[in-house]
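Residue-level structure breakdown
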Amino acid sequence: MCDTLRVRWTVTPKTAPQPWIACGGCGGLRAFQSSDKIRLNANGRKLDAWLIYKCLTCDKTWNRPLFERQNVRDIDPATLEALQSNDIRWIRTESFNLDALKRKSQRIDEFPEFDIAREVLRETAGWTRLEIELVVPLPAGIRLDRLLASELRLSRTRLQMLHERGLLGTSSDRADILRRRIRTGIEVVIDLATVADRELSWGPLATGSPR
Ligand SMILES: [Zn+2]
């Protein structure tokens, strides 16, 4: 397509999910926040590793097991290196491990705030079609319609209307895609041929560059 503005949005949630755990310090169920620190315990060839959380009320720690009595030789070398060097990128990814958190807690709070980086992949003069490719490196508790509404400054009603008229399509065939969580691989295509101010108002919002 030569009449297209194609952008990539990389959306990263700011705050890791917080599990609710029975706190041994202040009593009762409390939200715990990742401290982004790992605790290791080596016992011969066996290794234990925990991600340390802190109670938001009293600071009491809770250690979330990552490995328990795991033979060092069975641990992937890159993971071992990350654990031993307290690799913040690895730890952060682990702090967003919702499946692991769900095994330890019935209630997990997720946060809607995110950072977004925009890249222009292709831009042709006189474009009439906007394509947005989403990259979501960490699980984000953000609905597609909320993301588009906030970043393109549209009401969710208008988004829904564009979707129903076939002017807004996605790479998914789910009818409720707009209400679902964003993830890598989702593409949004918006036909703006009938929108006169597309280059002035939609362009800068999509690309993040004022003009
Ligand atoms: Zn507490």
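Here the structure is shown first, and the text comes after it.
These notes cover the structure that comes with them.

Looking at the overall build of the chain
Helix and strand counts for the chain come out as six helices and ten strands. Relative to the 2.2 N^0.38 estimate, which gives 17 Å for 211 residues, the radius of gyration of the chain is 22 Å and therefore markedly larger than a compact globule would have. Put simply, the chain has 211 residues, and 40% of those count as buried. Contacts in the chain between residues far apart in sequence, at least 24 positions, make up 66% of those at least 6 positions apart. With an accessible surface of roughly 11800 Å², the chain has 46% of that area assigned to carbon and sulfur atoms. The centroid of the 35 positive side-chain charges in the chain is displaced by 5 Å from the centroid of its 28 negative side-chain charges.

Brief notes about the packing of aromatic side chains
Evaluation of the coordinates by the stated rule reveals two aromatic pairs. An angle of 75 degrees between the planes, with centres 6.4 Å apart, marks the rings of Phe32 and Trp62 as edge-to-face. With Phe32 in strand β3 (residues 29-43) and Trp62 in strand β5 (residues 61-71), this pair connects stretches of sequence that are 30 residues apart. Geometrically, the ring pair formed by Tyr53 and Trp62 is tilted, given 5.2 Å between the ring centres and 50 degrees between the ring planes. Across the pair, exposure class does not vary: Tyr53 and Trp62 are buried alike. Members of the aromatic cluster, joined through ring pairs, are Phe32, Tyr53 and Trp62. Looking at Arg107, its charged tip hangs above the ring of Trp20, at a distance of 3.8 Å from the centre. Note that Arg118 overlies the ring of Trp9, its terminal NZ or CZ placed 5.8 Å from the centroid.

A closer look at the sheet that holds strand β6 (residues 108-109)
Note: strands within a sheet are paired through backbone hydrogen bonds, in either parallel or antiparallel orientation. Strand order in this open sheet of five strands is β5-β4-β3-β2-β6, and the pairing throughout is antiparallel. Each end of this open sheet is capped by a strand with a single partner; those strands are β5 and β6. Where β3 lies against strand β4 (residues 46-55), ten bridges are found, and the strand directions are antiparallel. By the bridge assignment for β4, Gln33 is matched with Lys54. Against the sheet, helix α2 (residues 88-95) engages β3, β4 and β5, with an angle of about 130 degrees to β3.

Considering the nonpolar core
The biggest cluster of nonpolar side chains holds 32 residues, and the ones touching the most others in it are Leu130, Leu148, Leu152 and Trp202. Elements represented by at least two residues in this core include exactly β1 (4-13), β8 (129-135), α4 (144-152), α5 (156-164), β10 (187-191) and α6 (198-207). Broken down by element, the residue count for this core peaks at five residues, all from α4. The contacts of Leu130, once residues within four sequence positions are left out, are Leu5, Val7, Leu152, Val188, Val189, Ile190, Leu192, Trp202 and Ala206. Cys23, Leu51, Leu66 and Ile91 belong to the second-largest nonpolar core, a separate cluster that totals 17 residues.

A closer look at α4
Of all nine residues making up α4, seven are buried, and the element is well covered by its neighbours. The first or second residue beyond α4 is Arg153, which carries a positive phi of 50 degrees.

A look at the environment of Ser35
One can find Ser35 in strand β3. Assessed through its relative accessible area of 22%, Ser35 is described here as partly exposed. A C-alpha to C-alpha distance of 14 Å links Ser35 and Leu66, two positions 31 residues apart in sequence. With residues up to four places along the chain from it excluded, the contact list for Ser35 reads Ile52 and Tyr53. Polar side-chain contacts of Ser35 include one of 2.7 Å to the backbone oxygen of Ile52.

What counts, and where the lines are drawn
Residues numbered from 1 in each chain as written. Predicted model: local features only at pLDDT ≥ 70, side-chain atom pairs only at ≥ 80, totals over all residues. Heavy atoms only, no water. Helix = DSSP H or I, 4+ residues; strand = E, 2+ residues; numbered from the N terminus. Rg over C-alpha atoms; globule rule 2.2 N^0.38 Å. Buried < 20%, exposed > 50% of the residue type's maximum accessible area, 1.4 Å probe, protein only. Contact = heavy atoms within 4.5 Å. Areas by Shrake-Rupley, 256 points an atom, 1.4 Å probe, with all protein chains shown as cover. Lys, Arg positive; Asp, Glu negative; His and termini not counted. Charge placed at Lys NZ, Arg CZ, Asp CG, Glu CD. Phe/Tyr/Trp six-rings, centres within 6.5 Å; stacked < 30°, edge-to-face > 60°. Lys NZ or Arg CZ within 6 Å of the ring centre and 35° of its normal. Pairing = 2+ DSSP bridges. Axes fitted to C-alpha atoms, helices over the stretch in contact; angles between N-to-C directions. Core = buried A, V, L, I, M, F, W, Y, C linked by side-chain atoms within 4.5 Å. Polar contact = N/O pair within 3.5 Å; in protein donor to acceptor, adjacent residues only side chain to side chain.

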